[in-house]
Amino acid sequence: MNRAKLDKQPADVASMFDDVASRYDLTNDVLSFGLARAWRRTVAHSVAAGPGERVLDLAAGTGTSSMTFTHHGAEVVAGDISTGMLTEGRRRHPKIDFIYADAMDLPFADSSFDVVTISFGIRNVNDVDTALDEMLRVLKPGGRLVICEFSTPTFDAFSLVYKEYLMRALPAVSRAVSSNPEAYVYLAESIRAWPNQDAFAHQILDAGFDQVKYRNLTGGIVAVHHALKPAEATTDSVAAADTAEPIKP
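This structure is a prediction, so every number in the text was calculated from the model and none was measured.

Analysis parameters
- Residues numbered from 1 in each chain as written.
- Predicted model: local features only at pLDDT ≥ 70, side-chain atom pairs only at ≥ 80, totals over all residues.
- Heavy atoms only, no water.
- Buried < 20%, exposed > 50% of the residue type's maximum accessible area, 1.4 Å probe, protein only.
- Helix = DSSP H or I, 4+ residues; strand = E, 2+ residues; numbered from the N terminus.
- Contact = heavy atoms within 4.5 Å.
- Polar contact = N/O pair within 3.5 Å; in protein donor to acceptor, adjacent residues only side chain to side chain.
- Core = buried A, V, L, I, M, F, W, Y, C linked by side-chain atoms within 4.5 Å.
- Pairing = 2+ DSSP bridges.
- Right-handed = clockwise from strand over helix to strand, strands pointing away.
- Phe/Tyr/Trp six-rings, centres within 6.5 Å; stacked < 30°, edge-to-face > 60°.

All of the buried residues in helix H9 (residues 197-206) are Gln197, Phe200, Ala201, Gln203, Ile204 and Leu205. Buried-residue contacts for H9 involve helix H6 (128-138), strand S5 (139-150), strand S6 (210-217) and strand S7 (222-228). Looking at where H9 begins, the residue whose side-chain oxygen comes 3.3 Å from the main-chain nitrogen of aspartate 198 is asparagine 196. In the segment just after H9, glycine 208 is the residue with positive phi, at about 110°.

This is the structure:
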């Protein structure tokens, strides 16, 4: 199995990531021109994990992002559906708890975590609404949701160049650095098919989260969505773009 289908069946997605686990972080750094590291720093700032907090990092891969959440004393559980990624993550970061965790059926009790975060993985989930329901379930009341995902560039001219890079240059570059370049053709297609920032913000809101907002990074190539699990039942809330100046890598 070289390339997951766009229907995003979990077994296909897991197999695809198994194939690229050993060189996944290196490939991401090359394909993003080093911006992936800056995006991870922004996610860590948004998660703001503190001492004694419990953080669930989904689609954690090899744990590169998970490590950033431990720096201030938080307990981190790294979840993924790729056994290859989990194996590589345990080898690299033996102090982090790596667990097989399907975002659509999380193996955790209700209200187990202070923070749930997922970076560049939600678009690979077969049923995003079910995954959001599960994230809401395992969060404590008032808990934080932070989702980092590729999104829609905010300038039309740049958007055209970006899409051309995704479909032409990205597969070509991946052939030089990745153990499974076909996987990156799928990843490019999945990025193009993903909803824009506002649409996804409303999807999070419809799942029952409160105070939904997002911040664009690198001209909208990436967006970091932030939301809270209501501390108590609420009747409505507002989804709005973060008006703060975007952090520039």
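The next thing to look at is the nonpolar core. Of all hydrophobic cores here, the largest spans 31 residues; its most connected members are Ile122, Met135, Leu145 and Phe209. Taken together, the elements giving at least two residues each to this core come down to strand S1 (54-58), strand S4 (113-119), H6, S5, H9 and S6. Among the elements that make up this core, the one with the highest residue count is H6 (six residues). Setting aside anything within four residues of it in sequence, one finds leucine 145 in contact with Val116, Leu132, Met135, Leu139, Ile204, Phe209, His225, His226 and Ala227. Residues Ala74, Val76, Cys148 and Leu217 belong to the second largest nonpolar core, which totals 20 residues.

So, on to the pairing of strand S3 (residues 97-100). Strand residues, when the strand is regular, have side chains that alternate between the two faces of the sheet. Here strand S2 (residues 75-80) pairs with S3 via four bridges, running parallel. The partner of aspartate 80 across the bridge, within S3, is tyrosine 100. Between the parallel pair S2 and S3, the chain is carried across by helix H5 (residues 83-92), and the sense of this crossover is right-handed.

Here the structure, examined in full by the defined rule, presents five aromatic pairs. Taking 5.9 Å as the distance between ring centres and 50° as the angle between the ring planes, the aromatic pair formed by tryptophan 39 and phenylalanine 120 counts as tilted. Of the two residues, tryptophan 39 is situated in helix H3 (residues 35-47) and phenylalanine 120 in the loop between S4 and H6; the sequence distance between them amounts to 81 residues. Pairing phenylalanine 120 with phenylalanine 150 gives two aromatic rings, centres 4.7 Å apart and planes at 40°, and the pair type is tilted.

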